[in-house]
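Now for the letters of each chain:
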Amino acid sequence: MWLDSNFLKNRGIFSICSSNENVLDASIEFAKEKEDFLLIEATCHQVNQFGGYTGMTPESFSEKIFKKAEEMNFNPERLLLGGDHLGPEPWKNENADTAMDKAKQLVIEFVKNGFNKIHLDCSMPLKGDSDFSTTLVADREAELCAVAEETYEKYGGNRPVYVVGTEVPAPGGSTNEVPEVTSIEELDEMIEELQNAFLRLGLKNAWDRVIAIVVRLGIGFGGDSVSEYESEKTKELCTYLSRYYPSLYFEAHSTDYQTAGSLKQMVKDGIRILKVGPALTDAYRRGMFALNFIEKESIDEEKQSRLVENVLKVMDEYPRYWEDYYNSVGKTLRLDQMYSYFDRIRYYWGFEEVEKSKNRLIENLKDMQMNLIRQYLPEQYEKIRENKLNKDPRALINYEIKKVLNDYQKSVILE
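Can you tell me about the packing of aromatic side chains, naming the residues and giving the values?
This model, assessed by the stated rule, comprises 24 aromatic pairs. Both rings, one in tyrosine 325 and one in phenylalanine 342, keep their centres 5.1 Å apart while their planes meet at 70°; by these two values the pair is edge-to-face. Of this pair, tyrosine 325 sits in the loop between α11 (307-317) and α12 (330-339) while phenylalanine 342 is found in the loop between α12 and α13 (352-364), placing the two residues 17 residues apart along the sequence. Aromatic rings pair up to connect Phe221, Tyr257, Trp322, Tyr325, Tyr326, Tyr341 and Phe342 into one cluster. Stacked on the ring of phenylalanine 289, the Lys or Arg arginine 285 has its end atom at 5.0 Å from the ring centre. Positioned above the aromatic ring of tyrosine 325 is the side chain of arginine 344, whose terminal nitrogen or guanidinium carbon lies 3.8 Å from the ring centre.

Give a detailed account of the packing of helix α5 (residues 134-155) against helix α6 (residues 184-200), specifying residues and quantitative values.
At a minimum axis distance of 8 Å, the contact between α5 and α6 shows a crossing angle of 45°. The orientation of α5 with respect to α6, classified from their angle, is oblique. Where α5 crosses over α6, the handedness of that crossing is right-handed. Mapping the contact onto sequence places Thr134, Thr135, Ala138, Asp139, Glu141, Ala142 and Cys145 in α5 and Glu189, Met190, Glu193, Leu194, Ala197, Phe198 and Arg200 in α6. Residues belonging to the contact of α5 with α6 are distributed by class as follows: seven nonpolar, two polar and five charged.

Give me the pattern of salt bridges: which residues, what numbers.
Inspection of the entire model under this criterion finds 36 salt bridges. The shortest N-O distance in the salt bridge between aspartate 139 and arginine 200 comes to 2.7 Å. One end of the pair, aspartate 139, is in helix α5; the other, arginine 200, is in helix α6, with 61 residues separating them in the sequence. Overall, arginine 200 belongs to the exposed group, its relative accessible area being 52%. With a closest N to O distance of 4.0 Å, glutamate 386 and lysine 383 form a salt bridge.

Analysis parameters
- Residues numbered from 1 in each chain as written.
- Predicted model: local features only at pLDDT ≥ 70, side-chain atom pairs only at ≥ 80, totals over all residues.
- Heavy atoms only, no water.
- Phe/Tyr/Trp six-rings, centres within 6.5 Å; stacked < 30°, edge-to-face > 60°.
- Helix = DSSP H or I, 4+ residues; strand = E, 2+ residues; numbered from the N terminus.
- Lys NZ or Arg CZ within 6 Å of the ring centre and 35° of its normal.
- Axes fitted to C-alpha atoms, helices over the stretch in contact; angles between N-to-C directions.
- Parallel < 35°, antiparallel > 145°, perpendicular 65-115°, else oblique.
- Left-handed = near helix turned anticlockwise from the far one by under 90°.
- Contact = heavy atoms within 4.5 Å.
- Nonpolar A, V, L, I, M, F, W, Y, C, P; charged D, E, K, R; others polar.
- Salt bridge = Lys/Arg side-chain N within 4 Å of Asp/Glu carboxyl O.
- Buried < 20%, exposed > 50% of the residue type's maximum accessible area, 1.4 Å probe, protein only.

Okay, here's the thing in structure tokens:
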């Protein structure tokens, strides 16, 4: 397996954290075009032994990704699957013993089905916890690692590599509050507690395969704002990790919407794994909305897909994916639902009525007018004129996603 500390010594890697079909297709296409490596991760909420909100288990998700890679003639040896936030997060409101039992089964299913990059996350208190501490978090992550190692020994494949941490942003998106950068003292305590917990369970060999630590890096995003990465604020922390723990690197969550320059600086500073998800589905949303505008201009009203109208209708009917994120009302709420950095609209593209609208939209725009493409998708227009892109609606959407991927790909290559 190519992802290890030696790999990260020479370059970074970005991780695709999305189950969106177009994002996955565009990511595989992009990696093939660039002849680069590809890391795709599934979170504990998206994919788990009960199906997650996507309806997929680790087995079905793995099969789907490798089937896509085969159909697109992408070298499977350059493809790696990861499990993100593997732990009791989906069951944190259940009793600790029950939640941890489910978390262990979650880890088993991921490792058993070929997920080799394992992010262990027990950073959330569980029902019944009377003394929630760094030590408790470390002990729980070591327990899950032991299960992962046992599963690997039983089923074989590539040995897992691990990402750990006791201060981890919640899966599924950021909040409006961006935490302060982790201190050197907190980092020391974190690594010491985790290492001791691993060693107590006889997991020295597994500890040697811990490639990254998750800490607070002062980045994130709110509904209409992005907290930019500031290298000066992390300089001491990054230097300290490099000096005293040279085989470890930082993994950054919520890197979405950072500038290309910030992403590149993060990799230079030793933050070698960049997680991205909402920025990719937001690019997909931009592409779909642009096509919807083209459709309104060019297709008779009775034949239109009404895609935007229908996805907003579904969001109103099923608010559970956005109601904890948007506190606005009226027109401002509509703007949040459509354009917020949180991109909670990403949870609604798979609803049956929305799927029907998407299919109608694609069918309606098989032969778009070039002047409308120029108006709403000007970069794609230029590529079509240069014979580097075709007019297929899916290709136009994928190009929008690849623009984000390109920023990441250029950032992870050290000069």
